[in-house]
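Topology and contacts: notes
Listed here are the chains, written in short residue letters.
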Amino acid sequence: MNAGLPKNPPLKNSASSAVSELRVDGMTCNNCARHVTEAIQSVPGVRHATVSLAANQASVRWQTAREDVPAVVQAIKAAGYDAKPIQAAAHGHHGPERSDWHLNLWLGGIVTGALMLGEWVFQVSMERWYQWLAFVLAGGVQIFCGAQFYRGAWRQLKIGSSNMDTLVALGSTTAFGYSTWALLAGGPGHLYFMEAAAIITLISVGHWIEARVSERASGALKSLLELAPSTARRLEVPTADSHSKGAFDLRSARFTATSASARTEREVPVAELRMGDYIALRPGDRIPVDAVVTEGDSAVDESMLTGESKAVDKSLDAEVYAGTVNLNGRLVARVTKTGEATALANIIAAVQRAQTSRANIQRLGDRVSNVFVPIVVAIALAAGLWWGLAPGSAERVFNTLSPYLWPAHPPGGAAAGFIIAAAVLIIACPCAMGLATPAAIMASANTAAKRGILIRDGLALEKAGNITAIAFDKTGTLTLGKPQLVAAEAITPAATALAARLAKNSTHPISQAIAKAADTDLFVSEWQEVRGAGVKATHEGKVLRLGSLRWLGENGVALNAAEPFVTKWSTQGATVVGLAAGTSLAGLFAVRDTIKSNAAQVVQQLRGRGLGIYLVTGDNKPTAVSIAREVGIPPENVFAEVRPEDKAEFLKRLQARSERVAFVGDGINDAPGLTQADLGIAVSRASDVAREAADIILLKSEIEAVPEALGLAQATLRTIKQNLFWAFFYNALGIPLAALGFMSPVLCAAAMGVSDIIVIGNALRLRRWRLT
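A brief report on the enclosed structure follows. (Residues numbered from 1 in each chain as written. Predicted model: local features only at pLDDT ≥ 70, side-chain atom pairs only at ≥ 80, totals over all residues. Heavy atoms only, no water.)

Another aspect to go through is the overall build of the protein chain. What the protein chain contains, in helices and strands, is 28 helices and 28 strands. Residue pairs in contact within the protein chain that sit at least 24 positions apart in sequence constitute 73% of those at least 6 positions apart. Surface summary for the protein chain: the accessible area is close to 33000 Å², and the carbon and sulfur share equals 57%. (Helix = DSSP H or I, 4+ residues; strand = E, 2+ residues; numbered from the N terminus. Contact = heavy atoms within 4.5 Å. Areas by Shrake-Rupley, 256 points an atom, 1.4 Å probe, with all protein chains shown as cover.)

This is the structure we're talking about:
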C-alpha cells in the first residue's frame, strides 16, 4: 500500500501544563530537598514538584498554563531556603552536578588528615607551633567548608526554626571556639582543632555518599526522562503535490497518494511537532511522541513503559507511544499527543509524584523531628554543664559503666563540658529519621515503575500494604476483555441485524462483539447507552433495547422463552444479552470472553497470602459463578448483576465488616468501585476515568502484577518501619553515650554519616525485591 500525507494540518496541540525551573540554594541533604518539595507543593496551582539536590534545582509543574513563580519563590524562602527562577531547561535536564561537597571533601580531607597525622602519629599536639598551625588550618575548614552549614543554620534561625545544619554548626563551633579561646589564653592542655575540622569533613563525606546512593534509588525515573528523543523525522508534502497527487480522506484522517516521492523527511526538534503532523519511524528509532500508525508494519518494544519484554506488533491504526522503540519495519504515524500529554510524560509525572509524596506513617518521624533539635540542644547544654561544673560526678558514672561498654578517654578539665556538648549535638542530627520514609517510598516507586506498576503516592503504598480483601471485576480484568459472539437465537425476523445496528455505536466490548454479527445500515433514532445495562433506540416507531436480561425484565419484557438458551450458555461461562422490541423478546445472543491464562494462578497466590477474594460483576449469576469456578473464587464470594453504582455499595458492606478492600477493574464503569475501595487498582487499557480514580495503575496486560504490587507495598512498609526503628534506636542510644563521654565528636560525626547511609541502603534493597 502506498500512503501519502497531507500538508501538516493546522491542528492545535493539546493543552499541557506549564513547567517552571528554579535555582534553590541552601540545601545540604535529602531532608532539605524534601522540605523544599513540601513548600512548593503547598502553593495553590502546583500539580507536583521535583527537587534535585545534586543540581540545586526545582522543577515545578502547574495544573494549568498559568504560572505563579513568585508564590513558589516566597514559599521556598519561608521554608528557610533561597530560590530564584532560571531559564526553563529541557525536559528532564537538571544542570551540572553540584561541587560544594567536592570542596569539602578535598580541603576538609587534606586538613583533617594532616592534623590527624600530627596528633596520632607524630604526637606533636602539645607543641605551640602545631597548635597555631592547627588553628589556621581548622579555621580554613570552618570558613570555606562549614559555610553552607552556617548559612543553612542562619536561614533556619531567621524563620524561627532549626534543622541538621543547626546541630552541625553548633557542634563544630563549640569545639573550634573552645580551642581558640584556650589557645589565646595560653593555658596547657589538649586543643580540639582536629575534631572541629573532622566534624565538618566527615559529615560532608556522609552527605556526598548519601547523594550518590540516593541517585541510584531514582534510577528508573532518570531512565524514563532519557527515553524520549530530542528530534523527529517529520513528513512534509509540497502544497502543489498535495492537491495533484492524492486526496485527503476526512473519515480516516489518512492521505492516499499514488507517489511516495511527494513526501520529504525533515528532521525537526520534537518540540515543533503538533497534533496531526506525520512522522517517519525507521527500524531502531525511538518514537518521539504518541501517534497512530497510518502506514507500514513493525514490532515495537514497549518494555520501558509496561515492563513486558515481548515486542508488540503494530500495523494500520495501532497506537504507538513516546519512548518506545521501533524494531524491524518502517512506519508512518500521525501525531496524536505531544509534550505533557503523552503516555510517557504521564508515567514520569506519576513516578515523580510518588517519589515526593508522603505517607501517614511519616508523620511520626516528622512530629519527633519538629521538636527534636530544641530537646537535643537542651540535653547538650545539660551534659556540658554536668561535665564542666561537676566533673567528679560525671567521671564516677563513666567509670561505673566503662567495664560494660568499651575503653574510652573522655575529655578532662575545662574542655570536658564543651567537647561533650559538641558530641551530643553531632550524634543527634535527625537526618536518618527524616530519610526513613522518603527513601523507602522513592526506591519503591522506582522499582514499581520498572515493572510497569504506577503508584499514585506514598499513601497508596501504605494502603496497599494493609489490604485484607480483594474484589475483582470480570470483563477486562479476569478475562481478556475481547468477547466473541458464540451463539444467537433470532425470535423475530431481522433480530440479528437490529441488534448489530444498536450495538454499532457502543464502545462496550460486548456491544462490539454483537456489532460484528451483521453489516447493516438500518435507520434508528434516539440512540442512547444506559450505563451498566445496555443500549436503546427507536426503529419504525418501536423502542428497541439491547442489554442485560435483568434490565429488559425491569422494563416489562417477558423472559420466559429465554430460559433454555440462558441455561445452556451461562453454564459455559457466556454472557447472555437480549434484544427486545417494546415488551416482546426479539432475540438472544451469547457472548463469551476468554479467561486470562494466569488468572487462576493469581487468585491462588492472593488466597495464599490470606486475602479474601471476591468477584463483583454486572453479569448474570450462572455466568459469574462459572467464571469464578475456573479461576478459584468460592461461589459464596461471587456477587453478580451488580450495577456500576452498586459496586461501591458492595465494597462499603465489606468495609463495614472491618475489611480493608482493594478493587481491581478497568473501564469507566469501574470508577465508582475504584474510588470507594480502600485501594483502587486499574489494569492496562483502563479508561481515563478509571485511571484517575485508581491508586495503582498496572501497565502490564496481565493481572500477575496485582500480587506483585501488593507484595512490593508490604515490603516497603516493612522497610519504612525498619528504618524508623533504627533511626530512633540510633538516637536513643547515641545521645546518652555521647553525654556520658563514650563517644568523641569525631566518632559522632562518623556515626551520623553512617546512620544516613544505613537508612538509604536499607531502602535500596527494594530495588532487588522479588515476589516469592
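The discussion continues.
The subject of this paragraph is the packing of aromatic side chains. What the rule picks out here adds up to 18 aromatic pairs. Summarising the aromatic geometry, the rings of Y614 and F650 are spaced 6.1 Å apart at their centres and angled 65° between planes, so their arrangement reads as edge-to-face. Taken together, the residues Y614 in strand β24 (residues 612-616) and F650 in helix α24 (residues 644-656) connect sequence positions 36 residues apart. Assessed through its relative accessible area of 6%, Y614 is described here as buried. Relative to F650, the ring of F639 has its centre 4.3 Å away and its plane inclined at 45°; by these criteria the two rings are tilted. With F639 in strand β25 (residues 638-639) and F650 in helix α24, this pair connects stretches of sequence that are 11 residues apart. (Phe/Tyr/Trp six-rings, centres within 6.5 Å; stacked < 30°, edge-to-face > 60°. Buried < 20%, exposed > 50% of the residue type's maximum accessible area, 1.4 Å probe, protein only.)

For the structure on display, the rule yields 3 cavities of 30 Å³ or more. Lining the largest cavity we find K474, T475, P483, I510, G573, T575, V591, R592, D593 and I627. The class makeup of the residues in the lining of the largest cavity is 4 nonpolar, 3 polar and 3 charged. (1 Å grid on protein atoms, 1.4 Å probe; cavity = no way out; pocket = protein on both sides within 12 Å on 5 of 7 lines; lining within 4 Å. Points joined across faces, edges and corners; volume = space filled by probe spheres on them. Nonpolar A, V, L, I, M, F, W, Y, C, P; charged D, E, K, R; others polar.)

Strand order in the open sheet made by the 4 strands is β2-β3-β1-β4, with antiparallel pairing throughout. At either margin of the open sheet sits one strand with a lone partner, and together these are β2 (46-52) and β4 (82-86). The average angle at which neighbouring strand axes cross in this sheet is 25°, direction not considered. Pairing of strand β1 (residues 19-25) with strand β3 (residues 57-62) involves 5 bridges; the strand directions are antiparallel. Counted as the bridge partner of E21 is S59 from β3. (Pairing = 2+ DSSP bridges. Axes fitted to C-alpha atoms, helices over the stretch in contact; angles between N-to-C directions.)

Running from N to C, helix α14 (residues 415-427) and helix α27 (residues 705-739) cross one another at 170°; their axes reach a closest spacing of 8 Å. As summarised for this structure, α14 and α27 are arranged roughly antiparallel, according to the angle between their axes. Every residue of α27 that contacts α14 at I420, A423, V424 and I427 is listed here: Y730, N731, G734, I735, A738 and A739. The residue inventory of the contact of α14 with α27, partitioned by class, reads 8 nonpolar, 2 polar and no charged. (Parallel < 35°, antiparallel > 145°, perpendicular 65-115°, else oblique.)

Time to look at the pattern of salt bridges. If you walk through the whole model with that rule in mind, you get 15 salt bridges. Here E708 ties to R451 by a salt bridge, and the two come within 3.3 Å at their closest N and O atoms. With E708 in helix α27 and R451 in the loop between α15 (431-450) and β16 (453-455), the pair connects residues that are 257 residues apart, well separated along the chain. When salt bridges with common partners are traced through the structure, they connect R234, E236, R266 and D277 into a single cluster. (Salt bridge = Lys/Arg side-chain N within 4 Å of Asp/Glu carboxyl O.)

This part is about unusual backbone geometry. Of note, the phi angle at Q123 is positive, near 50°, even though the residue is not glycine. In this structure, Q123 sits in the loop between α3 (100-121) and α4 (128-145). For Q123, a relative accessible area of 62% corresponds to the exposed category. Positive phi outside glycine occurs at S658, with the angle close to 70°. Here S658 lies in the loop between α24 and β26 (661-665). Under the relative-accessibility criterion, S658 is labelled exposed at 61%.

Our focus in this paragraph is the pairing of β26. With 5 of 5 residues buried, β26 lies mostly within the body of the structure. Both faces of β26 are covered, namely the face carrying V661, F663 and G665 and the face carrying A662 and V664. Relative to β26, strand β17 (residues 469-472) runs parallel, the two being bridged by 4 bridges. Its bridge partner being in β26, F472 is matched across the sheet by V664. Relative to strand β27 (residues 679-682), β26 runs parallel, the two sharing 4 bridges. The residue of β27 that forms the bridge with A662 is L679.

Take a nonpolar patch on the surface next. Taken together, the side chains of L117, W120, V121 and F122 present a nonpolar region at the surface, about 470 Å² in accessible area. Within the secondary structure layout, F122 lies in the loop between α3 and α4. Using a relative accessible area of 59% as the deciding quantity, one classes F122 as exposed. (Patch = residues over 30% accessible without salt bridge, like charges linked within 9 Å, V, L, I, M, F, W, Y side chains within 5 Å.)

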